[in-house]
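Per-entry structural report
Chain residues, written in single-letter form:
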Amino acid sequence: MFGYININRKELTEEDAKAYQSYYCGLCQKLKSSCGTKGQMLLNYDMTFLIVLLSGLYELEHEETEFTCPLHPTKKRTAWINEATDYAADMNIILAYHNFEDDWKDNKAYTKKAFAKAFLKDYERIRQKYPRQVLAVEKYIEELAAAEAAEEENIDLVAGLTGEMMGEIFDWKEDEWSEELRYFSFYMGKFIYLMDAYEDLKKDKKRQEYNPFLKMVCQKQEDFETFVKLILTSMISECAKSFERLPIIMHADILRNVLYSGIWSKYEYIQIKKRKQQEKKARGKQNVKSL
């Protein structure tokens, strides 16, 4: 679930890069203050995006603090923290908890079971604070498990489960922006699910595990690749159109960087990896012919 909402740092201005990094560090510090150093291992860019989005939409002011990071001890780091940071940190914990639980159920990874147990008190605390969001995530886990067990072939339906869950998380305050935030995050959630399925396709096929793309029948591999690119583009296009309808000025360039460039970084990485594998395979065939 994590790791797809990335930034393209090469395309950011120095000012925007500093702001983004400050929000990222702010999330790290908040996770630490909420549940100790173990919370910092949950840090990710996906929830940083949520902070930037909500900060821009609600034009939130932040508190700025400087701290020494163990990973970068030679220079003081800057952290920006506001209400959205607090909220995103709690959502981060909820999602991570279920990721640990899923890894335990799927792979019997005892370390992940231990991690889930370590965050159980924090999970219950957040459940009391945000019952709607926690219930939505729990419902999502159940419905997704049922869809996978039934080997659901409707790609749109199964991807929509992630979209609905994301809608509950992004709809922070249930106010006048609820409808647009839900629409925006629904398509982002679908993109994330489909991107994850695309990335795991080879692994899932080998392990004979559920993947919505495995049921697809294409005469050529190129046809399948075209379909995947088309459906991913369609999802993120709807997401981007929704974003442009939101009255966001503050940090708009950072958010557009993610939506129009950064979010494709994983897809581009997969394409590079595939090309290298194809080139290696082609060189192997040439070597066999030359013998």
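Residues numbered from 1 in each chain as written. Predicted model: local features only at pLDDT ≥ 70, side-chain atom pairs only at ≥ 80, totals over all residues. Heavy atoms only, no water.

**Digging into the nonpolar core**
Rule in force here: Buried residues of nine kinds, namely Ala, Val, Leu, Ile, Met, Phe, Trp, Tyr and Cys, make up a nonpolar core once their side-chain atoms join them within 4.5 Å. Whether a residue is buried, partly exposed or exposed follows from its accessible area with a 1.4 Å probe, protein chains only, as a fraction of its type maximum: under 20%, in between, or over 50%, in that order. Contact criterion: two residues are considered in contact whenever any of their non-hydrogen atoms come within 4.5 Å of each other.
If you look at the biggest cluster of nonpolar residues, it comprises 89 residues, and the most contacted ones within it are Phe49 and Met188. Beyond its immediate stretch of four places on either side in the chain, Phe49 contacts Ile5, Phe170, Phe184, Met188, Leu255, Val258 and Leu259.

**A closer look at the packing of aromatic side chains**
What counts is decided by this rule: Geometry of aromatic contacts follows a simple scheme: Phe, Tyr and Trp rings, the Trp one being its six-membered ring, pair when their centres are within 6.5 Å, and the pair is stacked under 30 degrees between planes, edge-to-face over 60, tilted otherwise. Runs of H or I in DSSP of at least four residues are treated as helices and runs of E of at least two as strands, each being numbered from the N terminus.
Summed over all chains, the structure comprises 18 aromatic pairs. With a centroid separation of 6.2 Å and an interplanar angle of 15°, the aromatic rings of Phe49 and Phe184 are classed as stacked. Of the two residues, Phe49 is situated in helix α3 (residues 45-57) and Phe184 in helix α9 (residues 178-199); the sequence distance between them amounts to 135 residues. What makes Phe49 buried here is its relative accessible area of 2%. The class for Phe184 is buried, based on a relative accessible area of 0%. Ring plane angle 85° and centroid distance 5.6 Å describe the contact between Trp264 and Tyr267, whose orientation is recorded as edge-to-face. Trp264 sits in the buried class, given a relative accessible area of 12%.

**Structural notes on the pairing of strand β2 (residues 72-81)**
To keep it simple, the criterion reads: A pair of strands is considered paired only if DSSP assigns at least 2 bridges between the two.
In terms of strand pairing, strand β1 (residues 63-69) meets β2 through six bridges, oriented antiparallel. From the neighbouring strand, Cys69 faces β2, where its bridge partner is His72. Where β1 folds back on β2, the antiparallel hairpin that results is connected by two residues.

**Some thoughts on the side chain of Thr48**
Inspection of the secondary structure assignment puts Thr48 in helix α3. Residues in contact with Thr48, not counting those within four places in the same chain, are Tyr20, Tyr23, Tyr24 and Leu27.

**As for helix α7 (residues 131-149)**
An α-helix turns once every 3.6 residues. As a result, residues three or four positions apart point the same way. The cut-off we apply is this: Given the number of residues in a helix, its expected span is that number minus one, multiplied by 1.5 Å.
For α7, spanning 19 residues, the distance from its first C-alpha to its last is 27 Å, which sits close to the expected 27 Å at 1.5 Å a residue. Listed as buried for α7 are Gln133, Val134, Ala136, Val137, Glu138, Tyr140, Ile141, Leu144 and Ala147. Just beyond α7, the residue with positive phi is Glu151, at close to 55°.

**Overview of the packing of helix α8 (residues 155-170) against α9**
Note the following rule: Between N-to-C directions, angles span 0 to 180 degrees; the directions come from axes that are lines fitted to C-alpha atoms, helices contributing only their stretch in contact. Any angle that falls under 35 degrees is termed roughly parallel, while one over 145 is termed roughly antiparallel, one within 65 to 115 roughly perpendicular, and all others oblique. Here a crossing is called left-handed whenever its near helix is offset anticlockwise from the far helix by less than a right angle, and right-handed whenever the offset is clockwise.
One way to put it is that α8 packs onto α9 with a least axis distance of 7 Å and a crossing angle of 130°. Classed by the angle they form, the pair α8 and α9 counts as oblique. When the axes of α8 and α9 are compared, the crossing they make is right-handed. Here Ile155, Asp156, Val158, Ala159, Gly160, Thr162, Gly163, Glu164, Met166, Gly167, Glu168 and Phe170 of α8 come into contact with α9, specifically with Leu181, Arg182, Phe184, Ser185, Phe186, Met188, Gly189, Lys190, Ile192, Tyr193 and Leu194.

Scope: geometric values only; no functional claims are made or implied.
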